[in-house]
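Analysis of the macromolecular model
For reference, the chains in residue letters:
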Amino acid sequence: MAPAKRRNVSSVKTTEQSVKTAKIDLNSTVERILESRKNANDVFDIFEILQSEKEKEVVSAVNACNKLFCTLLERKELFVGNLPGEEKYSAEEKYRMFMRHRYNSCVEMLLEHLSHELHDVKESALCCLIKFAAGEGQHPLEDLDWSEHYSFPRELIQAVVDRLLSQTTDNSLLISRFQEFLEMEDLRYYVMSSIRNHVGKVMDKNKGAVHPLYQNNVFTLMSNINMPSQESELTNFMVKQEKHEDWKAAKLSEHKRIFERMWLGFLKYKLPSGMYKKILVILHDSILPYMSKPTLMIDFLTAAYDVGAISLLALNGLFVLIHQHNDYPDFYKKLYNLLEPSVFHVKYRARFFHLANVFLSSHLPVYLVAAFAKRLARLALTAPPTALLIVLPFIYNLIRRHPSCRVLIHRPSAEDTEPLEDPYLMDEEDPAQCCALESSLWEIKLQTLQKHYHPDVAKAAMLINTPLPQQEDDIDEALETTPFELMERDLKQSQIKSVPLEFETATQLLKGGGDVLGQHFCLV
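What you see is a predicted model, and the numbers here were worked out from it, not measured in a lab. (Residues numbered from 1 in each chain as written. Predicted model: local features only at pLDDT ≥ 70, side-chain atom pairs only at ≥ 80, totals over all residues. Heavy atoms only, no water.)

To continue, consider the overall build of the protein chain. A count of helical and extended segments in the protein chain gives 23 helices and zero strands. Looking at the protein chain as a whole, 45% of its 524 residues are labelled buried. In the protein chain, once contacts between residues fewer than 6 apart in sequence are set aside, the share between residues at least 24 apart is 71%. Accessible surface, the protein chain as shown: approximately 29000 Å² in total, 52% of it carbon and sulfur. (Helix = DSSP H or I, 4+ residues; strand = E, 2+ residues; numbered from the N terminus. Buried < 20%, exposed > 50% of the residue type's maximum accessible area, 1.4 Å probe, protein only. Contact = heavy atoms within 4.5 Å. Areas by Shrake-Rupley, 256 points an atom, 1.4 Å probe, with all protein chains shown as cover.)

Each pair of packed helices can be described by the angle between their axes along with the distance between the axes. Here helix 10 (residues 252-267) crosses helix 11 (residues 273-287) at 160°, and the two axes come no closer than 13 Å. Here helix 10 is positioned roughly antiparallel relative to helix 11, judged by the angle of their axes. By crossing handedness, the relation of helix 10 to helix 11 is classed as left-handed. In contact with Phe 259, Trp 263, Phe 266 and Leu 267 of helix 10, helix 11 contributes Met 275, Ile 279, Ser 286 and Ile 287. Here the residues of the contact of helix 10 with helix 11 sort into seven nonpolar, one polar and no charged. (Axes fitted to C-alpha atoms, helices over the stretch in contact; angles between N-to-C directions. Parallel < 35°, antiparallel > 145°, perpendicular 65-115°, else oblique. Left-handed = near helix turned anticlockwise from the far one by under 90°. Nonpolar A, V, L, I, M, F, W, Y, C, P; charged D, E, K, R; others polar.)

Phe 69, Phe 132, Phe 178, Ile 195, Phe 266 and Phe 353 are the most contacted members of the largest nonpolar core, which totals 164 residues. Here this core gets eleven residues from one element, more than from any other, and that element is helix 17 (residues 385-401). (Core = buried A, V, L, I, M, F, W, Y, C linked by side-chain atoms within 4.5 Å.)

This paragraph deals with the packing of aromatic side chains. Taken as a whole, this structure holds 19 aromatic pairs when the rule is applied. Look at Phe 352 and Phe 353: their rings are 5.2 Å apart centre to centre, the planes differ by 80°, and that puts the pair in the edge-to-face class. Given a relative accessible area of 1%, Phe 353 falls into the buried group. In this structure an aromatic cluster arises from ring pairing among Phe 44, Phe 47, Phe 69, Phe 98, Tyr 103 and Phe 132. Taking the ring centre of Phe 98 as reference, the NZ or CZ of Arg 102 above it sits at 4.6 Å. Sitting over the face of the ring of Tyr 336, Arg 375 holds its NZ or CZ atom 4.7 Å from the ring centroid. (Phe/Tyr/Trp six-rings, centres within 6.5 Å; stacked < 30°, edge-to-face > 60°. Lys NZ or Arg CZ within 6 Å of the ring centre and 35° of its normal.)

Right, let's get into the UniProt feature "transmembrane region" (unreviewed entry) in the protein chain. Following the UniProt record, one finds the feature "transmembrane region" (unreviewed entry) at residues 300-322, 352-372 and 379-399. Its end C-alpha atoms 14 Å apart, residues 352-372 is made of 71% helix and 0% strand. Here residues 379-399 is 76% helix and 0% strand, with 17 Å between the C-alpha atoms at its ends. (UniProt positions renumbered as here; feature names shortened; annotations may be inferred.)

Moving on: a negative patch on the surface. A surface patch of negative charge is lined by Asp 474, Asp 476, Glu 477, Glu 480 and Glu 485. What makes Asp 476 partly exposed here is its relative accessible area of 45%. (Patch = residues over 30% accessible without salt bridge, like charges linked within 9 Å, V, L, I, M, F, W, Y side chains within 5 Å. Salt bridge = Lys/Arg side-chain N within 4 Å of Asp/Glu carboxyl O. Lys, Arg positive; Asp, Glu negative; His and termini not counted. Charge placed at Lys NZ, Arg CZ, Asp CG, Glu CD.)

Let's shift gears to a positive patch on the surface. On the surface, a cluster of positive charge is contributed by Arg 196, Lys 248, Arg 261 and Lys 268. Looking at where Lys 268 falls in the secondary structure, it is placed in the loop between helix 10 and helix 11.

Dropping the structure here:
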C-alpha cells in the first residue's frame, strides 16, 4: 500500500507544478508576443487555455488576453477598418490584420464566457470586455469619416448587453457587477440605447408574450441605472473626447430622452404580475424624475389599476404626475373606488393612507370630501382595530380641513326616534352621485363603534360627540401599528395597571378594633 500512496502524492505534486507552469507560460507567452512579431502564433496557446474546463486556468487566460490586446491597442498594432483578405499587403499590414483577426476571436470567446457556469469566469470575462471597450474608445478600430466627430465601441457594448440580457439564464449577480461600470456617463448612455434595441427585437420576435426570465434580467439591468440630476454631474467618461460639447452622451437632455425611450419600450409589453409591483415601488423616485415627459407614463399607471392589489402602489407615481405635472384624468374617482374592505389588509396599507391623506389635503369640493369620509365610515364597521385607529383620525382630519362637512356630524340621527333610511349609495362608483352629503356618520355616532370591544377604538369613536379641536391628529404612528404591536401594548398596560383602592388610607381600624377587644375582655 505504501508505494501506491507515494504515487498519489507525486501525482498531486505534478498537477500543482503543471498549474504553476501554465501560469508562468501564460505570462511569458504574452511577453514573447509583445517582444517579437515572430512569436505572434503563440497567441493560439493562450486561446487553448482560454477554452479550458478549469476555472483558474480560464481566469488566468482571460487576464493574459487582457494584457496582450490592451497593449496592442495602445501600440496601434491592430488593423483599423473593415478586414480585407491578407493578400497583396506588406508584412506590417499582414501582421496587423492577423492580430486583428485574433482580437475578434478573443472577443467572441469572452462573450461566450459571459454564459459560463462559473461566476468567476463570467466576471473576469466581463471586466476584460469593458477594458477592451475602453481601449477601442481611445484607439478606434473603425475608420471615422469627417461627419462623425466622436468614437465609441457601440457594437462591442451592444454585444455585451445582448449576453447580459439572457433568455435562458438568470444574470442578476453578473448584472450587479456590471452596475459599477454604469457610473461612466458615455457607457451608461450607450447601454440604455442597447437595452432599448434588444428588448424591441426579442419581444417582437416573441410576439409580445410574457417572458419572465428575460424580462427579469432586463428589469434588473435597467433598475441598476443611476441617472444624474444635473448636467454638471456629467464628468466621468470612459472615452475621453477632445471636444464633447455636441456629443449626445455628454448632454443630460439626451440621457433623459434615451432613458425615457428605454423604459417606455419595456413597459409597452405585457409584464409578469410580480414585476408590476417592483416597477411601481421605484417609479416615483427612480424613473419619473428622470424622464423628459413623465406624463407619458399615464397609460402604464392606468393599466396598473386593472391588476388587483397593486393599484395602491400606483399612487406614488400618480402623486408625482398630479403635484408636479398636474395631469391625471378622473384621479379622485379612481382613488374613491380603491376604498374597499381589502384595503385594510394589504401589505401597502400604510403607504396608501399616507398618500390618500396628502391627496385629500388640497382644496376640494365639499361633496367629494364628504364622499370619502362617509365611505371610510361605512368600511369601518367591518375593519380590524389597527385599521380603525387609522380611519377614525383620518375622518376627523377631513372634517377639520373642510368645516362644511360638519353637517355629517350634527345632522339629526335616529338614536331616540324611529330608524331612518340612509340615502348614501355605497355601490355608486361616482363620488358626486353617492349622496354622501345627505347622509350622516351614524356608523360612528350610534351604538356601533362607540361600543367597540377594543377600548382604544371606542375611545376614539367617542371623540365625535365633543367639539373637534382645530389641530389635526397625527396618523403617522398609527399607520405602522401591527396587530401584534397593539396586543403587546394592551398586555403591558394590563400588567402595569394597579388595583383600585380606597382614596384615604385607613389608619385607625386596627387600633380601634384593639380597644374594642380590650374592653370586651375587661367586661368578661
